[in-house]
Amino acid sequence: HHLDNDGESAARLYALLDDCRRRADAGQAGPGGAAAWARRHDATLHALARHHLRRKEYVAALQLLNWARKHRGPAPGLLAAVGYVLLQMGDVRHAEAVFREVEAAAAGRPPGAPAHALCGRSRGLLKFAALDFDGAIAECAQAAPGDGTASNNRTLAHLYACDLAGGVGTLEAALQGQPREH
């Protein structure tokens, strides 16, 4: 999104996405070959999804993420992104189902893997969506030590629970414990 015109930015990203997909499908030679073009494609796809999310174009973002989900498999981060978009759309039931897929995909990962933090964050967001702020606080606290996103979510849950001191304390602890992360 480096242009002043969002429409032109999106059009250029879509053109780049098509070019990367075509080169990956054709087995384009060169540095890294088709695998490198597939990675470029996926990076562009995620940039486009973020572009649509910024503009609150949730359906467009979800379509892109679901394409990646269908063609690249159930990576925990990708699944979590789909769940986050569904929550932003207000579809808690389907988000919960996708977050169960995140849990299943993370189950085979070693303890402490980033996928496990995603699980804690996802459970926290579901609690938050259900207005169970104390439950959200507890889930985010268990996400992973030093997880900045979980700390931020936990802080917001404290604030929504009318616990300003708890929110400030959580944020201060996160900043003191991992200053470079925040």
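This write-up is about the structure you can find in this document. Computed from a predicted structure; not experimentally measured.

As for the overall build of the protein chain
Turning to step 1, where the next piece is worked out: Assigned secondary structure in the protein chain consists of 9 helices and 0 strands.
Turning to step 2, where the next piece is worked out: By residue count, 38% of the 182 residues in the protein chain fall in the buried class.
Turning to step 3, where the next piece is worked out: Long-range contacts, defined here as pairs at least 24 residues apart, represent 44% of the contacts in the protein chain between residues at least 6 apart.
Turning to step 4, where the next piece is worked out: Taken as a whole, the protein chain presents about 10400 Å² of accessible surface, with 55% of it coming from carbon and sulfur.
Turning to step 5, where the next piece is worked out: In the protein chain, 21 side chains carry a positive charge and 19 a negative one; their mean positions are 7 Å apart.

Examining the nonpolar core
Turning to step 1, where the next piece is worked out: Ranked by size, the top nonpolar core spans 27 residues in total, and within it Leu64, Leu65, Val82, Leu86, Phe99 and Val102 carry the most contacts.
Turning to step 2, where the next piece is worked out: Counting residues per element, the ones that place at least two in this core are α1 (6-25), α2 (33-54), α3 (58-72), α4 (76-88), α5 (92-107) and α6 (114-129).
Turning to step 3, where the next piece is worked out: For this core, the leading source of residues is α4, giving 7 residues.
Turning to step 4, where the next piece is worked out: Those residues in contact with Leu64, other than ones at most four positions away along the chain, are Tyr14, Leu17, Leu45, Leu48, Ala49 and His52.

A few points about α1
Turning to step 1, where the next piece is worked out: A rise of 1.5 Å per residue sets the reference length of α1, with its 20 residues, at 28 Å; its end C-alpha atoms lie 28 Å apart and thus fit the reference within 8%.
Turning to step 2, where the next piece is worked out: Burial in α1 covers these residues: Ser9, Ala10, Leu13, Leu17, Asp19, Cys20 and Ala24.
Turning to step 3, where the next piece is worked out: The secondary structure elements touched by the buried residues of α1 are α2 and α3.
Turning to step 4, where the next piece is worked out: In the stretch just after α1, Gly27 is the one whose phi turns positive, near 70 degrees.

Some thoughts on the layout of surface pockets
Turning to step 1, where the next piece is worked out: Computed from the structure, the largest pocket encloses a volume of approximately 240 Å³.
Turning to step 2, where the next piece is worked out: Lining of the largest pocket is provided by Leu53, Tyr84, Leu87, Gln88, Arg121, Leu125, Phe128, Ala129, Thr149 and Asn153.
Turning to step 3, where the next piece is worked out: Residue assignment for the lining of the largest pocket shows that the elements contributing at least two residues are α4, α6 and α8 (148-160).
Turning to step 4, where the next piece is worked out: The leading source of residues in the lining of the largest pocket is α6, at 4 residues.

Focus on the environment of Arg55
Turning to step 1, where the next piece is worked out: Among the structural elements, Arg55 can be located in the loop between α2 and α3.
Turning to step 2, where the next piece is worked out: Given a relative accessible area of 40%, Arg55 falls into the partly exposed group.
Turning to step 3, where the next piece is worked out: When the C-alpha positions of Arg55 and Asp6 are compared, they lie 9.1 Å apart, and in sequence the two are 49 residues distant.

Looking at the environment of Trp67
Turning to step 1, where the next piece is worked out: Tracing the chain through its elements places Trp67 in helix α3.
Turning to step 2, where the next piece is worked out: Judged by its relative accessible area of 22%, Trp67 falls in the partly exposed class.
Turning to step 3, where the next piece is worked out: Along the primary structure Trp67 and Arg21 are separated by 46 residues, whereas in three dimensions their C-alpha atoms are 12 Å apart.
Turning to step 4, where the next piece is worked out: Apart from residues lying up to four places away in sequence, Trp67 is in contact with Arg21, His41, Asp42, Leu45 and Arg72.

Observations concerning the pattern of salt bridges
Turning to step 1, where the next piece is worked out: Taken as a whole, this structure holds 10 salt bridges when the rule is applied.
Turning to step 2, where the next piece is worked out: In this structure, the salt-bridge partner of Asp19 is Arg22, at a minimum N-O distance of 2.7 Å. One end of the pair is Asp19 and the other is Arg22, both in helix α1 and 3 residues apart, which spans about a single turn.
Turning to step 3, where the next piece is worked out: Residue class for Asp19 comes out buried when judged on its relative accessible area of 19%.
Turning to step 4, where the next piece is worked out: In this structure Arg22 comes out as exposed when scored by relative accessible area, which is 53%.
Turning to step 5, where the next piece is worked out: A salt bridge links Arg123 to Glu103; its shortest N-O distance comes to 2.5 Å. With Arg123 in helix α6 and Glu103 in helix α5, this residue pair connects regions lying 20 residues apart in the sequence.
Turning to step 6, where the next piece is worked out: Residue Arg123 is classed as partly exposed on the basis of its relative accessible area, which comes to 31%.
Turning to step 7, where the next piece is worked out: Linked through salt bridges whose partners overlap, the residues forming this network are Asp19, Arg22 and Arg23.

The rules we used
- Position numbers for residues start from 1 in each chain and track the written sequence from start to end.
- pLDDT decides what is reported in this predicted model: residues at 70 or higher carry local features, side-chain atom pairs at 80 or more are listed and counted, and totals for whole chains, interfaces and linings draw on all residues regardless.
- Neither water nor hydrogens contribute to the side-chain values; these are computed over all heavy atoms in the structure.
- Numbering of helices and strands runs from the N terminus, with a helix taken as a DSSP run of H or I at least four residues long and a strand as a DSSP run of E at least two residues long.
- Note on exposure labels: buried denotes an accessible area under 20% of the residue type's maximum, exposed denotes more than 50%, and partly exposed covers the range between, all computed with a 1.4 Å probe on protein chains only.
- Contact between two residues is taken to exist if any of their heavy atoms lie within 4.5 Å; hydrogens are not considered.
- For accessible areas, the Shrake-Rupley method is used with a probe of radius 1.4 Å. Any residue's cover is judged against the shown protein chains and nothing else.
- Under the counting rule used here, the positive set is Lys and Arg, the negative set is Asp and Glu, and His together with the chain ends is not counted.
- To locate a charge, take NZ of a lysine, CZ of an arginine, CG of an aspartate or CD of a glutamate.
- As used in this record, nonpolar core signifies buried Ala, Val, Leu, Ile, Met, Phe, Trp, Tyr and Cys residues forming a set joined through side-chain atoms within 4.5 Å.
- The span one expects for a helix is its residue count, reduced by one, times 1.5 Å.
- With a 1 Å grid laid over protein atoms only, a set of points is called a cavity when a 1.4 Å probe fits there but cannot get out and a pocket when it is open yet has protein on both sides within 12 Å along at least five of seven lines; lining residues have an atom within 4 Å of a point.
- Grid points are joined across faces, edges and corners, and a volume is the space filled by probe spheres set on the points.
- Between Lys or Arg on one side and Asp or Glu on the other, a salt bridge is scored when a side-chain nitrogen of the former is within 4 Å of a carboxyl oxygen of the latter.

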